[in-house]
Each structure stands twice: as C-alpha cells, then as structure tokens.
Amino acid sequence: MIKNTIIIIICDVGLSRLVPASLADSVTQYHTTKAAGTFYYIDPEYQQSGKLGTKSDTYSLGILLLQIITARPPMGLTHHVGTAIERGTFSDLLDPAVADWPVEEALRFAKLALNCAELRKKDRPDLGSVVLPELNRLREFGMRVINEGGSRSLGQHSQK
C-alpha cells in the first residue's frame, strides 16, 4: 500500500516468498512448517496447519481492504469493523482524511473485506467470481462520481 506521498506503508505480507518459484504456477496448495510474513496478514489456518491454499491470499486481501477504508492498523481490525457494523457506528471508523464517504458503498466494501478475512478458508469468497466483480463495480461507481462532479455528489450516488 502506498500513501499519496509515495511512501510504502505495506510492502510484503510474506507468504509469496514461501512458495518456491519452480512450483508457484503449478500448485494450488503448498505445505511448509516454516511460518513467515507479517503476523496480522497471515491466514490463521496457515498459521495452524502450515498449508497455503488459494484462499490464503484472500485473508490478507481482506485485512488490506479494511485498512484502506479505515486507515487503522491491522491488529483487531476485523473485530472493530464487525462490532461497528453491528452497533450502527460503522461510519465512525472510516478514514477521517476522506471528507465525504459514500457510506453505503463503503459499508458494502467493508462487508466484502470482512468476508475475505473470515477465519476459516471455506467461509472466504472466491477472488475471481465474488471479490473481483465487486471491486470492479466499486471502481465503476468511483469513475461515475468523478465524471459527474466529484466528491460533493458522493452521497447521492450511493443510492443507485
């Protein structure tokens, strides 16, 4: 993740270097007993079993997505966001540096991120059929907002 000042905040979640390059394109699961990476981004099932799967990256992505909208550190972030959603205070967690959040769209984004960060791999969505289409929809939403007048109309667009 890079800030607008071109300073790298997160540069490696660690798992990509565990799978040998010779196997990277030919396997969907890999087993190792050597844990590596930044603790808060590592798939909890991988931490217990040492088995990497296609949904191990989905967990890391979920944590990163939550950080994007909250500008908060990863420790306990899924708990904080989930609790705020339950209590109806989700908008209080959004990054205050963004002046006019489209709260409904941000909430959808947060729920997607929470699904990605589920503790069990089997409960995480598929990147290709669920996550990517939703991210594309949100990108198109953002482009519409930009093309139709910018941030002052964000709240109006979230109703569509």
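Residues numbered from 1 in each chain as written. Predicted model: local features only at pLDDT ≥ 70, side-chain atom pairs only at ≥ 80, totals over all residues. Heavy atoms only, no water.

### Overview of the side chain of Gln-67
At step 1: Take Gln-67: it is sitting in helix α2 (residues 56-70).
At step 2: Overall, Gln-67 belongs to the buried group, its relative accessible area being 8%.
At step 3: At a separation of 2.7 Å, a polar atom in the side chain of Gln-67 contacts the side chain of Tyr-41. (Helix = DSSP H or I, 4+ residues; strand = E, 2+ residues; numbered from the N terminus. Buried < 20%, exposed > 50% of the residue type's maximum accessible area, 1.4 Å probe, protein only. Polar contact = N/O pair within 3.5 Å; in protein donor to acceptor, adjacent residues only side chain to side chain.)

### Focus: helix α3 (residues 77-87)
At step 1: Within α3 the residues assigned to the buried category are Leu-77, Val-81, Gly-82, Thr-83 and Ala-84.
At step 2: Against the buried residues of α3 lie α2 and α4 (103-116). (Contact = heavy atoms within 4.5 Å.)

### Focus: the pattern of salt bridges
At step 1: The final tally for this structure, using the stated rule, is six salt bridges.
At step 2: A salt bridge links Asp-43 to Arg-124; its shortest N-O distance comes to 2.6 Å. Here Arg-124 lies in the loop between α4 and α5 (127-147) and Asp-43 lies in the loop between β1 (30-31) and α1 (44-49), a separation of 81 residues in the sequence.
At step 3: Under the relative-accessibility criterion, Asp-43 is labelled buried at 0%.
At step 4: We classify Arg-124 as buried; its relative accessible area is 2%.
At step 5: Here Asp-123 makes a salt bridge to Arg-120, at a shortest N to O gap of 2.8 Å.
At step 6: Under the relative-accessibility criterion, Asp-123 is labelled partly exposed at 34%.
At step 7: Exposure remark for Arg-120: the relative accessible area of 43% places this residue in the partly exposed category.
At step 8: Because the salt bridges share partners, they merge into one network encompassing Glu-105, Arg-108, Glu-134 and Arg-137. (Salt bridge = Lys/Arg side-chain N within 4 Å of Asp/Glu carboxyl O.)

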